[in-house]
Amino acid sequence: MTTRPTRAERLDRAIEALLRGSTPGVAAATAEIGGDDRPLVVVAESLRTTLAQPVVAPRFEARVGARLSGAAATPWVLRHPGRLIVTGAVGSALGVGVTAYAVWRSTRRPSGAAHRLLQR
Amino acid sequence: MTAQPGPAPGTARDADLPDVLAAQRDHAAFGTLYRRYLDGVYGYCFYLLGDHHDAEDVTERTFVAALAAIDAFRDEGATFRAWLFRIAHNQLANALRARGRHRSTSLDAMAELSAGDDPALLAGRAEEGRRLRGALGRLADDRRQVIVLRFVDGLSAREIGAVLGRSEGAVRVLQHRALRQMADLLET
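Residues numbered from 1 in each chain as written. Chains lettered and ligands numbered in written order. Predicted model: local features only at pLDDT ≥ 70, side-chain atom pairs only at ≥ 80, totals over all residues.

## Overview of the overall build of chain B
Per the secondary structure count, chain B includes eight helices and zero strands. Starting at the N terminus, the α and β elements of chain B follow one another as α-α-α-α-α-α-α-α. Per-residue burial over chain B gives 41% buried out of 188 residues. Of all intrachain contacts in chain B linking residues separated by at least 6 positions in sequence, the fraction that spans at least 24 positions is 67%. (Helix = DSSP H or I, 4+ residues; strand = E, 2+ residues; numbered from the N terminus. Buried ≥ 20, exposed ≤ 12 C-beta atoms within 10 Å, placed from the backbone. Contact = placed C-beta atoms within 7 Å.)

## Remarks on the overall build of chain A
Within chain A, the secondary structure is distributed over seven helices and zero strands. Beginning at the N terminus, the succession of helices and strands in chain A can be written as α-α-α-α-α-α-α. Taking the contacts inside chain A whose residues are at least 6 apart along the sequence as the reference set, 26% of them involve residues at least 24 apart.

## Considerations on helix α8 (residues 168-187) of chain B
With 20 residues, α8(B) should reach 28 Å at 1.5 Å per residue; the first-to-last C-alpha distance of 29 Å fits that figure. The set of residues buried in α8(B) consists of Val171(B), Arg172(B), Leu174(B), Gln175(B), His176(B), Ala178(B), Leu179(B) and Met182(B). (Expected span 1.5 Å × (residues − 1).)

## Some thoughts on the interface of chain B and chain A
Between chain B and chain A, the residue contacts involve 43 residues of the former and 32 residues of the latter. Looking at the side of chain B that touches chain A, the elements that each hand over two or more residues are α2 (30-49), α3 (52-69), α5 (119-137), α6 (141-151) and α8 of chain B. Residues that form the side of chain B that touches chain A fall into these classes: 24 nonpolar, eleven polar and eight charged. (Nonpolar A, V, L, I, M, F, W, Y, C, P; charged D, E, K, R; others polar.)

## Some remarks on the nonpolar core
In terms of nonpolar packing, the biggest core is built from 67 residues, with Ala14(A), Tyr44(B), Cys45(B) and Phe85(B) touching the most fellow members. The element best represented in this core is α2(B), accounting for twelve residues. The contact partners of Cys45(B), leaving out residues within four places of it in the chain, are Ala55(B), Val58(B), Thr59(B), Ala88(B) and Leu92(B). (Core = buried A, V, L, I, M, F, W, Y, C linked by C-beta atoms within 7 Å.)

## Notes on the packing of α2(B) against helix α4 (residues 80-99) of chain B
Residues and elements named next belong to chain B. Axis separation between α2 and α4 bottoms out at 11 Å; the angle between their running directions is 30 degrees. As for how α2 packs across α4, the hand of that crossing is right-handed. Packed against α2, whose contacting residues are Tyr37, Val41, Tyr44, Cys45, Leu48 and Leu49, the element α4 presents Arg81, Leu84, Phe85, Ala88, Leu92 and Ala95 at the interface. (Axes fitted to C-alpha atoms, helices over the stretch in contact; angles between N-to-C directions. Left-handed = near helix turned anticlockwise from the far one by under 90°.)

## Let's talk about the environment of Glu159(B)
In this fold, Glu159(B) is placed in helix α7 (residues 157-164). As for Glu159(B) and Ala78(B), which are separated by 81 residues in sequence, their C-alpha atoms are 6.8 Å apart.

## What about the packing of α4(B) against α7(B)?
Residues and elements named next belong to chain B. Relative to each other, α4 and α7 sit at 40 degrees, their axes nearing to 8 Å. Taken together, the axes of α4 and α7 lie oblique to each other. The handedness of the crossing between α4 and α7 is right-handed. Where α4 abuts α7, its residues Arg81, Ala82, Phe85, Arg86 and His89 lie against Glu159, Ala162, Val163 and Leu164. When its residues are assigned to classes, the contact of α4 with α7 shows five nonpolar, one polar and three charged. (Parallel < 35°, antiparallel > 145°, perpendicular 65-115°, else oblique.)

## Details of unusual backbone geometry
All names here are of chain A. With a phi angle near 55 degrees, Glu32 is a residue other than glycine that sits in the positive phi range. Residue position: Glu32 is located in the loop between α2 (24-30) and α3 (38-50). On the basis of neighbour count, Glu32 is assigned to the partly exposed category, with 13 C-beta atoms found within 10 Å.

## Some details on the environment of Gly137(B)
One can find Gly137(B) in helix α5. A sequence separation of 89 residues divides Gly137(B) from Leu48(B), and the C-alpha atoms of the two residues are 8.7 Å apart.

## Overview of α3(A)
In this model, α3(A) (13 residues) spans 19 Å end to end at C-alpha, consistent with the 18 Å of a helix rising 1.5 Å per residue. Turning to α3(A), its buried residues are Leu40(A), Val41(A), Val43(A), Ala44(A), Glu45(A), Ser46(A), Leu47(A) and Thr50(A).

## Side note on the environment of Asp54(B)
All names here are of chain B. With respect to the element layout, Asp54 can be found in helix α3. Overall, the presence of 18 C-beta atoms within 10 Å leaves Asp54 in the partly exposed class. Apart from residues no more than four positions distant in its own chain, Asp54 is found in contact with Leu49 and Ala95.

## Examining the confidence of the model for chain B
Residues and elements named next belong to chain B. With 80% of its residues at a pLDDT of 70 or more, chain B has an overall mean of 85. Overall, residues 1-11 carries pLDDT values under 50, and its contacts beyond four positions in sequence, including any with other chains, amount to 25 contacts. As scored by the predictor, the complex reaches a pTM of 0.74 and an ipTM of 0.79. (pLDDT = per-residue confidence, 0-100.)

Written as structure tokens, this is what we have:
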């Protein structure tokens, strides 16, 4: 056994039909709107055609967009703390390695003056 | 009018989900969602507050809060736009509280927004628009919220329920009462 939709449910179906492009008459008939609620479908159609979505001022859109871009870019390392740790560890290891190599090379290479004497 | 009906309950996926997932991976991708919903959120705020500057302020705070919380969004029934408008709704509640009173909003500033860009339509519907806005401005906040979310932003009853924290059935009843009141106001 199916229960008949309430008046509020039927009106909502009619509005859904209006928003999808149906005429008020078709929307009301499809949703089985009774005589008492027919004027509500007419009001709904007036609202649909009259209430416009305002357009935002371009300057405001740009300002908020810039603020959001800044907020999205700044906390990169904070949103990925693991990356910060890995980057730091790799950077430190590279630094230690390069320093160690430089020290090792300097101990093996003869000084410039001694090198010139050997060449004579 | 740019409003589009939301997905039918239980029959369609949230169309914003791919962009939401992209924004969760990289916050820079939030710009797509921002551009998509800026007008809608602003319209909701403007029709409730009746003031351009207040609407801009609440809209900005809504998107900043949404970006900060985007990682917490989960695809668990409510659509992204319902989630976003819920944030706007909370920010609006704060703004209305800050005003210290829930007055009947003057919607005079909306005259310029109505009837689209067609001059003939503007002329023909000027009086109807004025009367409609007058009636809308006399509705209680919760009824006006339902009307604006439904007819300006195109949210479904289910999505509006998620925004207002009410059941889908309660939203339909609220919508029915709001339209009944508007019909009565327009008759007098």
